[in-house]
Amino acid sequence: MTGTLVYDADCGFCARCARWAEARMAAGNQVVPSHALELHAAGLSREDVDEAAWFLPSAGTGLRGHLAIAAALRECGGPWALLGRVIGSRLLSPLASRAYAALAGRRGSLPGSDGTCGLDR
(Lines give C-alpha, C1' and ligand atoms only; values in the text may rest on other atoms or scores of the structure.)
Protein backbone atom coordinates (compact mmCIF):
# COMPACT_ATOMS: atom_id res chain seq x y z
CA MET A 1 0.00 0.00 0.00
CA THR A 2 1.69 3.20 -1.09
CA GLY A 3 0.46 6.55 0.06
CA THR A 4 1.19 9.95 1.49
CA LEU A 5 2.29 10.68 5.04
CA VAL A 6 0.95 14.10 6.07
CA TYR A 7 2.59 15.89 8.99
CA ASP A 8 2.64 19.28 10.75
CA ALA A 9 5.72 21.07 9.41
CA ASP A 10 5.31 23.78 12.04
CA CYS A 11 6.25 21.20 14.68
CA GLY A 12 9.99 20.53 14.80
CA PHE A 13 9.51 17.05 16.27
CA CYS A 14 6.98 16.12 13.58
CA ALA A 15 9.21 17.49 10.81
CA ARG A 16 12.20 15.57 12.14
CA CYS A 17 10.20 12.33 12.24
CA ALA A 18 8.84 12.98 8.75
CA ARG A 19 12.35 13.43 7.34
CA TRP A 20 13.38 10.15 9.00
CA ALA A 21 10.40 8.34 7.44
CA GLU A 22 10.94 9.93 4.02
CA ALA A 23 14.52 8.65 3.93
CA ARG A 24 13.33 5.08 4.57
CA MET A 25 9.94 4.69 2.89
CA ALA A 26 9.64 2.63 -0.27
CA ALA A 27 9.49 4.30 -3.66
CA GLY A 28 6.04 5.55 -4.59
CA ASN A 29 5.32 6.98 -1.15
CA GLN A 30 5.31 10.68 -0.36
CA VAL A 31 5.86 12.69 2.80
CA VAL A 32 4.05 16.03 2.62
CA PRO A 33 3.69 18.88 5.11
CA SER A 34 0.04 19.62 5.83
CA HIS A 35 0.32 23.20 4.57
CA ALA A 36 1.37 21.92 1.12
CA LEU A 37 -1.66 19.64 0.77
CA GLU A 38 -5.02 20.63 -0.61
CA LEU A 39 -6.83 19.55 2.54
CA HIS A 40 -10.39 19.66 1.23
CA ALA A 41 -9.49 17.49 -1.77
CA ALA A 42 -7.88 14.98 0.61
CA GLY A 43 -11.00 14.95 2.79
CA LEU A 44 -9.20 16.58 5.71
CA SER A 45 -9.66 19.77 7.68
CA ARG A 46 -7.07 22.06 9.25
CA GLU A 47 -8.15 20.70 12.63
CA ASP A 48 -7.56 17.11 11.44
CA VAL A 49 -3.95 17.79 10.46
CA ASP A 50 -3.23 19.99 13.46
CA GLU A 51 -4.27 17.18 15.79
CA ALA A 52 -2.54 14.20 14.20
CA ALA A 53 -0.39 12.78 11.44
CA TRP A 54 -2.25 11.14 8.55
CA PHE A 55 -1.37 8.43 6.06
CA LEU A 56 -3.44 8.70 2.90
CA PRO A 57 -3.18 5.42 0.97
CA SER A 58 -3.34 5.58 -2.80
CA ALA A 59 -6.62 3.67 -2.49
CA GLY A 60 -8.80 3.50 0.57
CA THR A 61 -9.50 5.48 3.69
CA GLY A 62 -7.00 7.74 5.40
CA LEU A 63 -5.37 6.58 8.60
CA ARG A 64 -4.97 8.92 11.56
CA GLY A 65 -2.52 9.10 14.46
CA HIS A 66 -0.88 5.87 15.51
CA LEU A 67 -2.40 4.03 12.54
CA ALA A 68 -0.79 6.59 10.20
CA ILE A 69 2.57 6.01 11.87
CA ALA A 70 2.08 2.24 11.69
CA ALA A 71 1.33 2.47 7.94
CA ALA A 72 4.39 4.68 7.34
CA LEU A 73 6.60 2.25 9.26
CA ARG A 74 5.28 -0.66 7.19
CA GLU A 75 6.33 1.29 4.10
CA CYS A 76 9.87 1.57 5.50
CA GLY A 77 10.35 -2.19 5.20
CA GLY A 78 12.60 -4.48 7.24
CA PRO A 79 12.30 -4.33 11.03
CA TRP A 80 10.36 -1.05 10.74
CA ALA A 81 7.62 -2.87 8.84
CA LEU A 82 7.38 -5.39 11.66
CA LEU A 83 7.12 -2.56 14.20
CA GLY A 84 4.36 -1.00 12.09
CA ARG A 85 2.43 -4.26 12.06
CA VAL A 86 2.80 -4.56 15.84
CA ILE A 87 1.64 -0.97 16.45
CA GLY A 88 -1.40 -1.51 14.23
CA SER A 89 -2.29 -4.94 15.58
CA ARG A 90 -5.61 -5.46 17.33
CA LEU A 91 -3.81 -6.43 20.51
CA LEU A 92 -1.59 -3.35 20.80
CA SER A 93 -3.56 -0.73 18.87
CA PRO A 94 -5.44 0.59 21.94
CA LEU A 95 -2.17 1.05 23.84
CA ALA A 96 -0.46 2.58 20.78
CA SER A 97 -3.37 5.00 20.40
CA ARG A 98 -2.97 6.23 23.97
CA ALA A 99 0.82 6.50 23.58
CA TYR A 100 0.39 8.51 20.36
CA ALA A 101 -2.10 10.85 22.06
CA ALA A 102 0.28 11.37 24.99
CA LEU A 103 3.20 12.19 22.68
CA ALA A 104 1.10 14.40 20.41
CA GLY A 105 -0.07 16.38 23.41
CA ARG A 106 3.53 17.05 24.40
CA ARG A 107 5.13 17.33 20.97
CA GLY A 108 6.14 20.95 21.48
CA SER A 109 8.54 19.84 24.21
CA LEU A 110 9.95 16.75 22.45
CA PRO A 111 13.47 16.57 20.96
CA GLY A 112 13.80 18.50 17.72
CA SER A 113 10.95 20.85 18.59
CA ASP A 114 11.33 24.54 19.20
CA GLY A 115 8.25 24.63 21.41
CA THR A 116 5.84 25.60 18.65
CA CYS A 117 3.58 23.41 16.60
CA GLY A 118 0.15 23.29 14.97
CA LEU A 119 -1.46 22.88 18.38
CA ASP A 120 -0.39 26.43 19.21
CA ARG A 121 -2.43 28.01 16.40
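Along each chain, residue indices are assigned from 1 in the same order as the chain's sequence is written. Given that this is a predicted model, residues contribute local features only at a pLDDT of at least 70 and side-chain atom pairs are listed and counted only at 80 or more, while totals for whole chains, interfaces and linings are drawn from all residues. No hydrogens and no water enter the side-chain calculation; it runs on all heavy atoms of the structure.

Here the focus is the overall build of the chain. Going along the chain from the N terminus, every DSSP run of H or I of four or more residues is numbered as a helix, and every run of E of two or more is numbered as a strand. Secondary structure assignment for the chain yields six helices and four strands. For the radius of gyration, the atom set is restricted to C-alpha positions; the globular benchmark scales as 2.2 Å times the number of residues to the power 0.38. Relative to its length of 121 residues, the chain is compact, with a C-alpha radius of gyration of 13 Å against a globular reference of 14 Å. Viewed in the frame of its principal axes, the chain has a C-alpha envelope of about 35 × 30 × 25 Å. Relative accessible area decides the class of each residue, using a 1.4 Å probe on protein chains only: under 20% of the type maximum gives buried, over 50% gives exposed, and in between gives partly exposed. Taking all 121 residues of the chain together, the buried fraction comes to 40%. Excluding contacts between residues fewer than 6 apart, the proportion of contacts in the chain whose partners are at least 24 apart in sequence is 60%. When the accessible area of the chain is evaluated, it comes to approximately 6,700 Å², of which 58% is carbon and sulfur surface. Residue contacts are counted whenever heavy atoms from the two residues lie within 4.5 Å of one another. In this description, accessible areas are obtained by the Shrake-Rupley approach with a 1.4 Å probe, and a residue is regarded as covered only by the protein chains that are shown.

Stacked, edge-to-face and tilted labels apply to pairs of Phe, Tyr and Trp rings (six-membered ring for Trp) whose centres lie within 6.5 Å, assigned for plane angles under 30 degrees, over 60, and everything in between, in that order. A complete count under the given rule lists one aromatic pair for this structure. An angle of 85 degrees between the planes, with centres 4.7 Å apart, marks the rings of Trp20 and Trp80 as edge-to-face. One end of the pair, Trp20, is in helix α1 (residues 12–24); the other, Trp80, is in helix α5 (residues 78–87), and 60 residues separate them in sequence. Under the relative-accessibility criterion, Trp20 is labelled partly exposed at 28%.

Our next topic: the packing of helix α4 (residues 66–76) against helix α6 (residues 93–105). At a minimum axis distance of 9 Å, the contact between α4 and α6 shows a crossing angle of 105 degrees. Considered as vectors, α4 and α6 are oriented roughly perpendicular to each other. Counted together, His66, Leu67 and Ile69 of α4 and Ser93, Ala96, Ser97 and Tyr100 of α6 form the full contact between these two elements. Three classes are used: nonpolar for Ala, Val, Leu, Ile, Met, Phe, Trp, Tyr, Cys and Pro, charged for Asp, Glu, Lys and Arg, and polar for all others, with Gly counted as polar. Classifying every residue of the contact of α4 with α6 by side-chain character gives four nonpolar, three polar and no charged. Every axis in this analysis is a line fitted to C-alpha atoms, fitted for helices over the stretch in contact. Angles between the N-to-C directions lie between 0 and 180 degrees. Comment on the angle field: the value is read as roughly parallel under 35 degrees, roughly antiparallel over 145, roughly perpendicular from 65 to 115, and oblique elsewhere.

For the rest of this paragraph, the subject is the packing of α4 against α5. Following both chains from N to C, one finds α4 and α5 inclined at 155 degrees, their axes separated by 6 Å at the closest point. On the basis of their axis angle, the class for α4 and α5 is roughly antiparallel. The two elements α4 and α5 cross, and the hand of that crossing is left-handed. Residues His66, Ala70, Leu73, Arg74 and Cys76 of α4 lie in contact with α5, whose contacting residues are Gly78, Trp80, Ala81, Leu83, Gly84, Arg85 and Ile87. Here the contact of α4 with α5 is composed, by residue class, of seven nonpolar, three polar and two charged. A crossing counts as left-handed when the near helix is turned anticlockwise from the far one by less than a right angle, and as right-handed when that turn is clockwise.

Both faces of strand β3 (residues 54–57) are covered, namely the face carrying Trp54 and Leu56 and the face carrying Phe55 and Pro57. At least two DSSP bridges between two strands are required for those strands to pair. Bridging between strand β1 (residues 3–7) and β3 involves four bridges; their strand directions are antiparallel. Paired with Val6 across the two strands is Trp54, which belongs to β3. Here two bridges tie β3 to strand β4 (residues 63–64), and the two strands are oriented antiparallel to one another. Residue Phe55 lies in a different strand from β4, and its bridge partner there is Leu63. Counting the residues that bridge the hairpin from β3 to β4 gives five residues, and of these Gly60 lies at a positive phi of roughly 115 degrees.

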